[in-house]
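# Structural features, examined
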Amino acid sequence: MQEKPYFCPNCRSNRVKFALLETTSTFFMKDAINGSVSEMGEPQLIEEADPQVQCMVCRFVGNELRFVKQAEREPRTETTVASAYR
Ligand SMILES: [Zn+2]
């Protein structure tokens, strides 16, 4: 995962709540006659260069890069609160 700001390219309202979708591979042995699973291994994480990210506001799923690029296009600007007391 990249240490960069995200911005959902779909709803364009979420920069903070996301889910990382990971792909796992699980080894298993199957009986050739009746199809029953005889052995099941531990799930192994498949490292991907481009992980899938889900927006937890609109549930949109896309490559991490799309979220990073959207944040670069529309960066979060620091909002300065004008003080009434001077
Ligand atoms: Zn969204």
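Here, every reference points to the structure presented above.
Overview of the structure.

Scoring rules and cut-offs
- One numbering rule holds for all chains: residues counted from 1, following each sequence as written.
- pLDDT decides what is reported in this predicted model: residues at 70 or higher carry local features, side-chain atom pairs at 80 or more are listed and counted, and totals for whole chains, interfaces and linings draw on all residues regardless.
- Runs of H or I in DSSP of at least four residues are treated as helices and runs of E of at least two as strands, each being numbered from the N terminus.
- To assign burial, the other C-beta atoms lying within 10 Å of each residue's own C-beta are counted, with C-beta atoms placed from the backbone; 20 or more indicates buried, 12 or fewer indicates exposed, and intermediate counts indicate partly exposed.

In this structure, Arg12 is a non-glycine residue whose phi angle is positive, near 50°. Its location among the elements puts Arg12 in the segment before strand E1 (18-21). For Arg59, which is not a glycine, the phi torsion comes out positive at approximately 70°. By the secondary structure assignment, Arg59 is in the loop between strand E6 (52-55) and strand E7 (61-63). Look at Arg59 and you get exposed, because 11 C-beta atoms sit within 10 Å.

This next bit is on the environment of Val16. Within the element layout of this structure, Val16 appears in the segment before E1. C-beta crowding within 10 Å serves as the criterion here: with 10 such atoms nearby, Val16 is assigned to the exposed category. The sequence separation of Val16 and Cys55 amounts to 39 residues, and the corresponding C-alpha distance is 8.9 Å.

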